[in-house]
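Descriptive analysis of the structure
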Amino acid sequence: MHKAQYTANAASFGKDFWWGVATAAAQNEGAHTADGRGLSIWDVFARRQGKIKGGAKPYDACHFYYRYKEDLMLAKALGFNTFRLSFSWSRLFPMGKGKPNKAGLAFYHQVIDECLKLGLVPFVTLYHWDLPQALEKEGGWAAFHINEWFNHYVRFCAKEYGSKVKHWIVLNEPFGFTSLGYLLGRHAPGKKSLPAFFSAVHHAVLAQADGGNILRTEVHKGHIGTSFSCSAIVPYTQKPEDVAAANRADILFNRLFIEPLLGKGYPKDNFPLLEKLEIHNQAWKYEKRMQCKMDFIGLQNYFPLTIRHNAFIPLVQASEVKAITRKVPHTAMGWEINPDSFHHIIKRFWKYGGIKEIIITENGAAFKDKVEHGVINDTARTAYFSDHLDALLRARHEGVKISGYMAWTLMDNFEWAEGYAARFGLVHVDFKTQLRTIKNSGYWWRDFLTEKQV
Ligand code: BGC
């Protein structure tokens, strides 16, 4: 890694920059059956043995449902001007469709009003992985009707909240929830089916475009985008088979969802898996409908991937060479720490053209935090943020229009299949008592954002 050429401070990003923390309903709210909420696929998936570390359940999480005022105040106190939250579809529509739940509606009004009162601009994600279980019973993202259900939900939210919420993210990381949930069975709903994966991908591709177009018509002066995970992909060696394997991984990890949105159709590049996906979905019929002119593209990056050819891996014949085996710096998730790769992938997306603006809607790191005398001196997390912000500033100086950055995440929370073991927060949560303690990285952010740093 070469030395950062830029040393970021908040002012170097300009005064209209969105500085936020990102959160998600299923990871923070808890209160999973309170006030008429319907179950989500994660509540049900968590009952299955061996699926979530330590048998953890998302039922309580951080009790954000009850403590949102205090938590929003924390975000404000740390200096942020933006708060990213997601709506729990099953809190708003316990059955996913049909009658809305009044208490759920009221809850999000209260959260949004509180944000506005504190001067935190709300960015709302409509779907952050927690499908209503009632819809999963009918096939979930693999079902043909999902687009009708989703569009109804989006239109409803836009009408209900559109006068207060101007910034919308349609989907969070569609590659994550379709691949982990429908192909690999590692996330809810735990399916392992290639046809289900193909259908889920296509329906998510349609949902992100339909959702964007609906928001555009329903929200006056809306600022509309959708978020993608991305990772710089590095071939393990320059051998042709490793380079080809890296290219296949790149198609899946980086190109699968954004290219149809930008009007390029699905990527293919001699990758039989993608040719099958195209045929399964008769995708050529949908090229127009898969497009949407977004106001911004949300990028979420945590790590780069080193990939080598592996004939034993079905479909992609590629596998990751983990950071641990390569002895490079990594987080508690085993994810490589490499700010240069962050810079690289942002520039790569910008090169597509046709993107008006990029917002980093997630970036952050989990480490094994130690609480010592009430202090969490998480220097590794602070270094991670500081180095990634330097890389971001470099991309900005090189001409990429980047208008915001959201740290993942405000507080330790339910980290999906990792349960409560992986901690990404700027604020430590004791899950037994729900006590919040600001970590030193949180204080670092406060100083950074309030310009106390030189
Ligand atoms: C997801 C978050 C998650 C984070 C860290 C992202 O893929 O959007 O919900 O907690 O990564 O794993």
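Residues numbered from 1 in each chain as written. Predicted model: local features only at pLDDT ≥ 70, side-chain atom pairs only at ≥ 80, totals over all residues. Heavy atoms only, no water.

**Section: the side chain of Glu29**
Rule in force here: Numbering of helices and strands starts at the N terminus; helices are DSSP runs of H or I of at least 4 residues and strands are runs of E of at least 2. By the convention used here, residues are in contact when the closest approach between their heavy atoms is within 4.5 Å.
Looking at the secondary structure, you find Glu29 in the loop between α1 (25-28) and α2 (41-45). Among residues more than four places away in sequence, those in contact with Glu29 are Asp60, Ala61, His63, Phe64, Tyr65, Ser86, Ser88, Arg91, Phe107 and Tyr108.

**Details of the site of the ligand**
In plain terms, the rule: Near, as used in this document, describes a residue that has one of its heavy atoms within 4 Å of the molecule or strand being considered. Residue burial considers only the protein chains on display, and all accessible areas are found by Shrake-Rupley using a 1.4 Å probe. Put simply, Ala, Val, Leu, Ile, Met, Phe, Trp, Tyr, Cys and Pro go in the nonpolar bin, Asp, Glu, Lys and Arg in the charged bin, and everything else, Gly too, in the polar bin.
Taken together, 13 residues are adjacent to the ligand, and Gln27, His128, Asn172, Glu173 and Glu415 come closest. In isolation the ligand has 310 Å² of accessible area, and contact with the protein removes 94% of it. Its residues assigned to classes, the shell around the ligand comprises six nonpolar, four polar and three charged.

**Thoughts on the packing of helix α3 (residues 64-77) against helix α5 (residues 102-118)**
Just so we agree on the cut-off: Angles shown run from 0 to 180 degrees and are taken between the N-to-C directions of axes, each axis being a line fitted to C-alpha atoms and, for helices, limited to the stretch in contact. Throughout this description, any angle smaller than 35 degrees is read as roughly parallel, any larger than 145 degrees as roughly antiparallel, any in the 65 to 115 degree range as roughly perpendicular, and the remainder as oblique. In this scheme the crossing of two helices becomes right-handed for a clockwise turn of the near helix relative to the far one and left-handed for an anticlockwise turn of less than a right angle.
For the pair α3 and α5, the least separation of the axes is 10 Å and the interaxial angle reads 15°. In this view, α3 runs roughly parallel relative to α5, as classed from their interaxial angle. Pair α3 / α5 crosses with right-handed handedness. In contact with Phe64, Tyr65, Tyr68, Lys69, Leu72, Met73 and Lys76 of α3, α5 contributes Phe107, Gln110, Val111, Glu114, Cys115 and Leu118.

**Looking at helix α16 (residues 440-449)**
Keep this limit in mind: Only protein chains enter the accessibility calculation, which uses a 1.4 Å probe. A residue is then buried if its area is under 20% of the maximum for its type, exposed if over 50%, and partly exposed in between. Summarising the geometry, the arc corresponds to the directions from the helix axis toward the C-beta atoms.
When we look at burial in α16, the residues that qualify are Ser441, Gly442, Trp444, Trp445, Phe448 and Leu449. Buried residues of α16 fall within an arc of 155° about the axis and therefore sit on the same side. Elements that come into contact with the buried residues of α16 comprise β1 (18-22), α15 (379-397), β13 (402-408) and β15 (435-438). The first or second residue beyond α16 is Glu451, which carries a positive phi of 60°.

**Focus: unusual backbone geometry**
That bond from Ala188 to Pro189 is cis: its omega, 5°, falls within 30 degrees of zero. In this fold, Pro189 is placed in the loop between α8 (174-183) and α9 (194-218). Cis geometry is adopted by the peptide bond preceding Thr409, which originates at Trp408 and carries an omega value of 10°. Tracing the backbone through its elements, the reader meets Thr409 in the loop between β13 and β14 (427-430). Look at His63: it is not a glycine, yet its phi comes out positive at around 60°.

**Observations regarding the sheet that holds strand β3 (residues 121-127)**
Backbone-to-backbone hydrogen bonds pair the strands of a sheet. The strands run either parallel or antiparallel. Stated precisely, the cut-off is as follows: DSSP bridges decide pairing: two strands pair if at least two such bridges lie between them.
Strands sit in the order β1-β2-β3-β4-β5-β7-β10-β13 around a closed barrel of eight strands; the barrel is parallel. The average angle at which neighbouring strand axes cross in this sheet is 25°, direction not considered. The sheet contact formed by strand β5 (residues 223-229) and strand β7 (residues 296-300) spans five bridges and is parallel. The partner of Ser227 across the bridge, within β7, is Gly298. With respect to the sheet, helix α14 (residues 339-350) is in contact with β7, β10 (358-362) and β13, its orientation differing from that of β10 by roughly 135°.

**Looking at the pattern of salt bridges**
Spelled out, the test is: The term salt bridge refers to a pairing of a side-chain nitrogen on Lys or Arg with a carboxyl oxygen on Asp or Glu at a separation within 4 Å.
Considering all chains together, one arrives at 30 salt bridges under this definition. The salt bridge involving Glu218 is made with Lys159; its shortest N-O contact spans 3.2 Å. In this pair, Glu218 sits in helix α9 while Lys159 sits in helix α7 (residues 146-161), placing the two residues 59 residues apart along the sequence. Assessed through its relative accessible area of 26%, Glu218 is described here as partly exposed. We note a salt bridge from Arg216 to Asp295, for which the minimum N-O separation is 3.0 Å. Placement of Arg216 in helix α9 and of Asp295 in the loop between α12 (272-281) and β7 is noted, with a sequence separation of 79 residues between them. In the salt-bridge network here, residues are joined through shared partners; they are Asp369, Asp378, Arg381, Asp412, Arg423 and Lys439.

**Quick notes on the environment of Thr433**
Our working definition: Distance and chemistry together define a polar contact, namely a pair of N or O atoms within 3.5 Å, with one atom able to donate a hydrogen and the other to accept it when in protein, and with adjacent residues in sequence counting only for side-chain atoms on both sides.
Position of Thr433 relative to the elements: it lies in the loop between β14 and β15. Here Thr433 falls in the partly exposed class, since its relative accessible area comes to 49%. A C-alpha to C-alpha distance of 9.8 Å links Thr433 and Cys62, two positions 371 residues apart in sequence. Within the structure, Thr433 has its side chain in polar contact with the backbone nitrogen of Leu435 (distance 3.2 Å).

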